[in-house]
Amino acid sequence: MTDIRQKDLSDKPVQEMTTEERKEMRRRFEEFATLVGRNNESILAPPEKPKKVVKWDPRTMARVPKED
C-alpha cells in the first residue's frame, strides 16, 4: 500500500476521488492554512493599485511668475 500523503492528487477531479483522498486533500488544506495563517488579511485583501508615475517636464511644470 502506498502512502496517500505522498500521492499526487493535483490532476484528479474531486468527483473521482475516494473518501480517503478527499480527507487527505482536506488535511493538506488545513496544514497550508495554519502555515499561512487563517486570519492573514494580506491574503484576503485586494492588491494595492500601483501609484501613477508622472514624468517631470521642466517646461510644463515650472512655475512661471505672473507679470502684473
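Residues numbered from 1 in each chain as written. Predicted model: local features only at pLDDT ≥ 70, side-chain atom pairs only at ≥ 80, totals over all residues. Heavy atoms only, no water.

### Some remarks on the overall build of the protein chain
1) Next: Within the protein chain, the secondary structure is distributed over 3 helices and 0 strands.
2) Next: Listing every helix and strand of the protein chain by position from the N terminus yields α-α-α.
3) Next: Counting only residues that meet the buried cut, the protein chain has 9% of its 68 residues in that class.
4) Next: Carbon and sulfur atoms provide 55% of the accessible area of the protein chain, an area that totals close to 7,300 Å². (Helix = DSSP H or I, 4+ residues; strand = E, 2+ residues; numbered from the N terminus. Buried < 20%, exposed > 50% of the residue type's maximum accessible area, 1.4 Å probe, protein only. Areas by Shrake-Rupley, 256 points an atom, 1.4 Å probe, with all protein chains shown as cover.)

### Examining the confidence of the model for the protein chain
1) Next: Mean pLDDT for the protein chain: 77, with 74% of residues reaching 70 or above.
2) Next: Model confidence for the protein chain, summarised as mean pLDDT per element, is weakest for helix α2 (residues 41-44) at 58 and strongest for helix α1 (residues 19-36) at 86. (pLDDT = per-residue confidence, 0-100.)

### Points about the side chain of Glu24
1) Next: Here Glu24 shows up in helix α1.
2) Next: Judged by relative accessible area, which is 5%, Glu24 ranks as buried.
3) Next: Here the side chain of Glu24 touches Arg27 through a polar contact of 2.7 Å, side chain to side chain.
4) Next: Setting aside chain neighbours within four positions, we find Glu24 in contact with Ile4, Arg5 and Leu9. (Polar contact = N/O pair within 3.5 Å; in protein donor to acceptor, adjacent residues only side chain to side chain. Contact = heavy atoms within 4.5 Å.)

### Points about α1
For an α-helix, 3.6 residues make a turn, and residues three or four places apart therefore share a direction.
1) Next: When the terminal C-alpha atoms of α1 are compared, their 26 Å separation across 18 residues agrees well with the 26 Å that a helix rising 1.5 Å per residue should span.
2) Next: The set of residues buried in α1 consists of Glu21, Glu24 and Ala33.
3) Next: One or two positions beyond α1, positive phi appears at Gly37, with a value near 105°. (Expected span 1.5 Å × (residues − 1).)

### Focus on the pattern of salt bridges
1) Next: Here the structure, examined in full by the defined rule, presents 6 salt bridges.
2) Next: Residues Arg27 and Glu31 are paired through a salt bridge, measuring 3.0 Å at the closest nitrogen-oxygen approach. Residue Arg27 and its partner Glu31 are located together in helix α1, separated by 4 residues, close to a single helical turn.
3) Next: By relative accessible area, Arg27 is classed as partly exposed at 35%.
4) Next: Via salt bridges that share partners, Glu24, Arg27, Arg28 and Glu31 belong to a single interconnected network. (Salt bridge = Lys/Arg side-chain N within 4 Å of Asp/Glu carboxyl O.)

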